[in-house]
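# Structural features, examined
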Amino acid sequence: MKAPANTPWAKERQQSWDANKPATVYVTPETLPDGIPCSAVTVILRTKGCHWWWSSGCTFCGYFNDTRDDVTSENLHSQWELAKQKYDNFAEQKMVKIYTSGSLLEDREIPLDFQETVLRDCYELGKELIVESRCEQLTKEKLLWATSINPTFTVAIGLEAYDDEVLRFHINKGFSTRAWDRAIENLRNFNIRIKTYLMFKPPFMSERDALDHGVRWIKDVAERSDEISVNPMNIQRGTVIDRLHRNNEYRPPWLWSLVEMIKQAHPFIYPEGGVNGSPDQVCRLIIHPTAGGKIRGAHNCGSCDKFVVAAIERYAVSGDLREFEGLSCGCESIWREELALESALPLPLGISQSRRGSRVENLRSL
Ligand code: SF4
Ligand SMILES: [Zn+2]
């Protein structure tokens, strides 16, 4: 399966990027591993992208939109210098997140000398470093090398689903849960912090299944992750999920489903009923609905969206279910009805109607 990355618009866009400038650099509030709030800088580098994308690619991944296939080590060093200059060598930021539209520790994507520069600079500047990676790079040899330069950092892995069938047929992830198990074991042995990304509502899945699976995956990975970040699907241009969405064959998740998932998963994160920072906390659980409330992101009816998104974001900080008290809207009963129907009827792809387009046109296209 291959998403349409070679269309003329995609190629033109890729060649338009300046390889010496990072894609973007920005600062956000964050929390350090010990729970202390801090400021974090996110550096998104312009790279060659993900090697899995070159041969296949995940069904929802639109990172190829931001890449250039001719980026060199000199380009990357120049991008890194610009990022450091912009924020005065990250003087005010305790945490640095480096995103490469792929894996920082993958030699085919990122030249080894640049990997070393990032690891060394962040160590010497005394910053908490977070990098992203697939599983296959996280071998003992690679981690031995990386920790010899920077002994403590966090690796964020886009696991998406702790389910081999979903990884293979819904996401086209190109690795299995066993590969994740192995990677986690290696990371643990090197004392590296683990952040796990899960995807809420992959393609070809009903809302009901998404909710049930979402809760189960959180339970399955909580003990072995320091942090779980659940990403509700948002539709990126030129991807397989984009085609399904345009065809009215996929609705991004309801915000109500996210609230329900949090309520059901909360006891696996806080077995004694605690909140963020409590002694019973198994790991951190973060849900950030990118494009929340928009047609291409997790959304409700249009009028309650911003309140529900705000409550979900507050929960990511507090870990307190009371954030959801008092939230209600007429659309909640439609969502409940859809879940009930999807449980009762053989509807593997679900029946959710999106807000996209007119109702009549949507019905005609069915
Ligand atoms: S592994 Fe990550 S970067 Fe690569 S195609 Fe999948 S989602 Fe995109
Ligand atoms: Zn509503």
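Let me sum up the structure you'll find in this document. (Residues numbered from 1 in each chain as written. Chains lettered and ligands numbered in written order. Predicted model: local features only at pLDDT ≥ 70, side-chain atom pairs only at ≥ 80, totals over all residues.)

## A look at the site of ligand 1
The environment of ligand 1 is made up of Cys50, Trp52, Trp53, Gly57, Cys58, Cys61, Tyr63, Ser101, Gly102, Arg134 and Gly158. Within the shell around ligand 1, the residues separate by chemical class into six nonpolar, four polar and one charged. (Near = placed C-beta within 6 Å. Nonpolar A, V, L, I, M, F, W, Y, C, P; charged D, E, K, R; others polar.)

## Looking at the sheet that holds strand 3 (residues 95-99)
Taken in spatial order, the eight strands of this open sheet run 1-2-3-4-5-6-7-8, and their pairing is mixed. Two strands in the sheet have a free side with no partner beyond their single neighbour: strand 1 (24-31) and strand 8 (284-287). If you compare each strand with its neighbour and ignore which way they point, the axes differ by 25° on average. As defined by bridge partners, strand 1 adjoins strand 2 (residues 37-44) across eight bridges and the pair is classed as antiparallel. From the neighbouring strand, threonine 24 faces strand 2, where its bridge partner is isoleucine 44. (Pairing = 2+ DSSP bridges. Helix = DSSP H or I, 4+ residues; strand = E, 2+ residues; numbered from the N terminus. Axes fitted to C-alpha atoms, helices over the stretch in contact; angles between N-to-C directions.)

## Focus: the environment of histidine 77
By the element assignment, histidine 77 lies in helix 3 (residues 73-86). The residues touching histidine 77, leaving out its near neighbours within four places in the chain, are Phe114 and Thr117. (Contact = placed C-beta atoms within 7 Å.)

## With respect to the nonpolar core
The nonpolar side chains of a soluble globular protein tend to be buried with one another. Counting 86 residues, the largest nonpolar core has Ala161, Leu198, Leu255 and Leu258 as its most contacted members. The element best represented in this core is helix 10 (residues 255-269), accounting for eight residues. In this view, alanine 161 contacts Val166, Leu167, Ile171, Leu198, Met199, Pro202, His213 and Trp217; residues no more than four positions away in its chain are not counted. (Core = buried A, V, L, I, M, F, W, Y, C linked by C-beta atoms within 7 Å. Buried ≥ 20, exposed ≤ 12 C-beta atoms within 10 Å, placed from the backbone.)

## Some thoughts on the pairing of strand 2
Of the pairings in the sheet, the one linking strand 2 to strand 3 comprises five bridges and is parallel in character. Of the residues in strand 3, the one forming a bridge with valine 41 is valine 96.

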